[in-house]
Amino acid sequence: METIEFVDLKTQASVIGTDIKRSIDRVISHGRFIMGSEVYELEEKLSDFTGAKHVVSCSSGTDALLMALMAIGIGPGDAVFTSPFTFIATAEVIGLLGAVPVFVDIDKDTFNLDPVKLEQAVKNFNKGDNTGLTPKCVIPVDIFGLPADYQTINKIAHKYNLRVIEDAAQSLGAKVGNNMACNLTHAATTSFFPTKPLGCYGDGGAIFTNDSDLNEKLISIRVHGKGQHKYDNVRMGINGRMDTLQAAVLIQKLKIFKGELRKRDRIARKYRERLNGWIQFQKIQDKYTSAWAQFSFLSKDRRKIITKLKINKIPYAIYYPKPLHLQKAFSMLKYKKGDFPVAEKVADTILSIPMHPYLSDEHIDFITQTIVSAVN
Ligand SMILES: *Cc1c(COP(=O)(O)O)cnc(C)c1O
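As the structure is a prediction and not an experimental result, all values here were calculated from the model.

K.L.:
Describe the overall build of the protein chain, naming the residues involved and giving the relevant values.
P.N.:
Within the protein chain, the secondary structure is distributed over twelve helices and 13 strands. The globule rule puts the C-alpha radius of gyration for 376 residues at 21 Å, and the 21 Å found for the protein chain is close to it. Each principal axis of the C-alpha atoms in the protein chain carries an extent, and together these give about 65 × 60 × 35 Å. Counting the 376 residues in the protein chain, one finds 55% classified as buried. For the protein chain, long-range pairs separated by at least 24 residues make up 72% of all intrachain contacts whose partners lie at least 6 apart in sequence. Side-chain charges in the protein chain split into 49 positive and 40 negative, and the spacing between the mean points of these groups amounts to 3 Å.

Pasting the structure below:
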């Protein structure tokens, strides 16, 4: 049996590598490495794909979050609610702007931000130690590719005058009913890090919105706060552009992305059939589809499973072993163990197994049999 890859970019390259190389060659020929026509072409295609009116491509998923917060006007004295069960970038950008991340525990079944706890946190806000801060924004995360409960979150945000940014770094291609991820709330951000569902060959990201005013600000922030032209600077911005070469790669990969999503979904179904009863799956609610950035499950026997996976050379990962409220980087926020019991419990028992569109039936059988033998 061939080695099992956690994410198989080599097989993908054997499918569309020639098209990608041609696309890269075209950029080398025309020489517009910064903001070449491919960048705008990609933005248009992503707008068609998600239904979001405006798409601003940028340098990474982290910069996408940073730029979105900057465009909304988040800064010192502001509080931004988010999940403690995510990649550090989601909360890091809040702190970088001098605002304060306020964590809200996750739902025990979906692992996404719990809207009931969000409303409690907003209601109780100035009763605690947060006096002086103004609640401004919430960043729900679509963890492992599954959209958060935006229907409820959007209502709460409206009621308390909060902006919502969907961290869709893992969920491009997911759906709620007929609505695509990245178009479920005021603004959304995604990442094209190579191992995300739609990855480029380096760093890249994008911001999505239907708000024309926000779009104008994002375009300005992306290039040092430019106004009418490059040397007219009207606000603080960053160097946040996507390379033309990365756009050229993504245009080709986007052509096969829908097919890849269908394959991911089929693999997830097989995993769920074969592992049913042995482990606890992430709950996918009615009308929701996941982009399956990761296939992750809970098991109290995680250590036993890992031992068997290692023996059998099956790659695995733990996303995320330590919730953000317990990270040293946020020690100044004075959170302690026990503050977010669901996130802590999930972090202690979560495990991710190989997930990519090119996983063979033979590999799926081998992986699931290995897991069942570990917990049996
Ligand atoms: C990957 C990721 C990011 C950051 O994206 P980069 O492109 O690596 O900067 C942010 N949030 C989440 C949830 C992610 O998974």
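So much for the structure itself; the text now carries on.
K.L.:
Give a description of the site of the ligand that names residues and reports values.
P.N.:
The full set close to the ligand counts 15 residues, and Gly61, Thr62, Gln170, Ser191 and Lys196 are the nearest of them. Here a nitrogen atom of the ligand sits 2.8 Å away from a polar atom, N or O, in the side chain of Asp167. Gln170 is positioned such that a nitrogen or oxygen atom in its side chain is 2.8 Å from an oxygen atom of the ligand. Relative to its unbound accessible area of 380 Å², the ligand is 93% covered by the protein chains. Of all the elements in the fold, those that place two or more residues in the shell around the ligand are α3 (61-72) and α4 (89-96).

K.L.:
How would you summarise the packing of aromatic side chains if you had to cite specific residues and measurements?
P.N.:
Describing an aromatic ring pair means giving the distance of the ring centres and the angle of the ring planes. Enumeration according to the criterion identifies 14 aromatic pairs in this entry. Between Phe81 and Phe125, the aromatic rings sit 5.6 Å apart at their centres with planes inclined by 70°, giving edge-to-face as the arrangement. Of this pair, Phe81 sits in strand β2 (residues 78-82) while Phe125 sits in the loop between α5 (115-123) and β4 (134-139), and the two are 44 residues apart along the sequence. Here the two residues Phe81 and Phe125 agree in accessibility, since each one is buried. Linked through ring pairs, Phe6, Phe85, Phe111, Phe144, Tyr319 and Tyr320 together constitute an aromatic cluster.

K.L.:
Quick rundown of the packing of helix α1 (residues 9-30) against helix α8 (residues 244-255)? Include the residues and the values.
P.N.:
For the pair α1 and α8, interaxial distance at closest approach is 8 Å and the crossing angle is 135°. Viewed along their axes, α1 and α8 adopt a mutual orientation that is oblique. Where α1 crosses over α8, the handedness of that crossing is right-handed. Along the contact surface, α1 presents Leu9, Gln12, Ile16, Asp19, Ile20, Ser23, Ile24, Arg26, Val27 and His30, while α8 presents Thr244, Leu245, Ala248, Val249, Gln252 and Lys253. Classifying every residue of the contact of α1 with α8 gives eight nonpolar, five polar and three charged.

K.L.:
How would you sum up the pattern of salt bridges? Please name residues and give values.
P.N.:
Here the structure, examined in full by the defined rule, presents 15 salt bridges. In this structure, Arg222 engages Glu43 in a salt bridge whose closest nitrogen and oxygen atoms are separated by 2.8 Å. Highlighted residues: Arg222 in helix α7 (residues 212-222) and Glu43 in helix α2 (residues 37-50), separated in sequence by 179 residues. Each of Lys300, Asp301 and Lys304 takes part in salt bridges that share partners, so that together they form one network.

K.L.:
Explain the packing of helix α9 (residues 257-275) against helix α12 (residues 361-375) to me, and be specific about the residues and the numbers.
P.N.:
Contact geometry for α9 and α12: axes closest at 10 Å, N-to-C directions at 35°. With respect to the hand of their crossing, α9 and α12 are arranged in right-handed fashion. The residues of α12 that touch α9, namely those facing Ile267, Lys270, Tyr271, Arg274 and Leu275, are Asp361, Ile364, Asp365, Ile367, Thr368, Ile371 and Val372. The residue inventory of the contact of α9 with α12, partitioned by class, reads seven nonpolar, one polar and four charged.

K.L.:
I'd love a proper account of the side chain of Gln12, names of residues and values included.
P.N.:
Among the structural elements, Gln12 can be located in helix α1. Gln12 sits in the buried class, given a relative accessible area of 6%. Here the side chain of Gln12 touches Glu260 through a polar contact of 3.0 Å, side chain to side chain. Among all residues touching Gln12, those that are not within four sequence positions of it are Gly17, Lys253, Ile256, Glu260 and Tyr358.

K.L.:
Which residues make up the sheet that holds strand β3 (residues 100-103), and what are the values?
P.N.:
Taken together, seven strands build an open sheet; the order of strands is β1-β9-β8-β5-β4-β2-β3 and the sheet is mixed. Two strands in the sheet have a free side with no partner beyond their single neighbour: β1 (54-58) and β3. Direction aside, neighbouring strands of the sheet carry axes that sit 25° apart on average. Relative to strand β8 (residues 187-191), strand β5 (residues 163-167) runs parallel, the two being bridged by three bridges. Across the sheet, the residue bridging to Asp167 is Thr189, located in β8.

K.L.:
Quick rundown of the sheet that holds strand β11 (residues 288-289)? Include the residues and the values.
P.N.:
Ordered in space as β7-β6-β11, the three strands form an open sheet in which the pairing is antiparallel. Looking at the sheet topology across the chains shown, the edges are occupied by β7 (179-180) and β11.

Reading the values: the criteria
- Residues numbered from 1 in each chain as written.
- Predicted model: local features only at pLDDT ≥ 70, side-chain atom pairs only at ≥ 80, totals over all residues.
- Heavy atoms only, no water.
- Helix = DSSP H or I, 4+ residues; strand = E, 2+ residues; numbered from the N terminus.
- Rg over C-alpha atoms; globule rule 2.2 N^0.38 Å.
- Buried < 20%, exposed > 50% of the residue type's maximum accessible area, 1.4 Å probe, protein only.
- Contact = heavy atoms within 4.5 Å.
- Lys, Arg positive; Asp, Glu negative; His and termini not counted.
- Charge placed at Lys NZ, Arg CZ, Asp CG, Glu CD.
- Near = heavy atom within 4 Å.
- Polar contact = N/O pair within 3.5 Å; in protein donor to acceptor, adjacent residues only side chain to side chain.
- Areas by Shrake-Rupley, 256 points an atom, 1.4 Å probe, with all protein chains shown as cover.
- Phe/Tyr/Trp six-rings, centres within 6.5 Å; stacked < 30°, edge-to-face > 60°.
- Axes fitted to C-alpha atoms, helices over the stretch in contact; angles between N-to-C directions.
- Parallel < 35°, antiparallel > 145°, perpendicular 65-115°, else oblique.
- Left-handed = near helix turned anticlockwise from the far one by under 90°.
- Nonpolar A, V, L, I, M, F, W, Y, C, P; charged D, E, K, R; others polar.
- Salt bridge = Lys/Arg side-chain N within 4 Å of Asp/Glu carboxyl O.
- Pairing = 2+ DSSP bridges.

The analysis is restricted to geometry; functional conclusions fall outside its scope.
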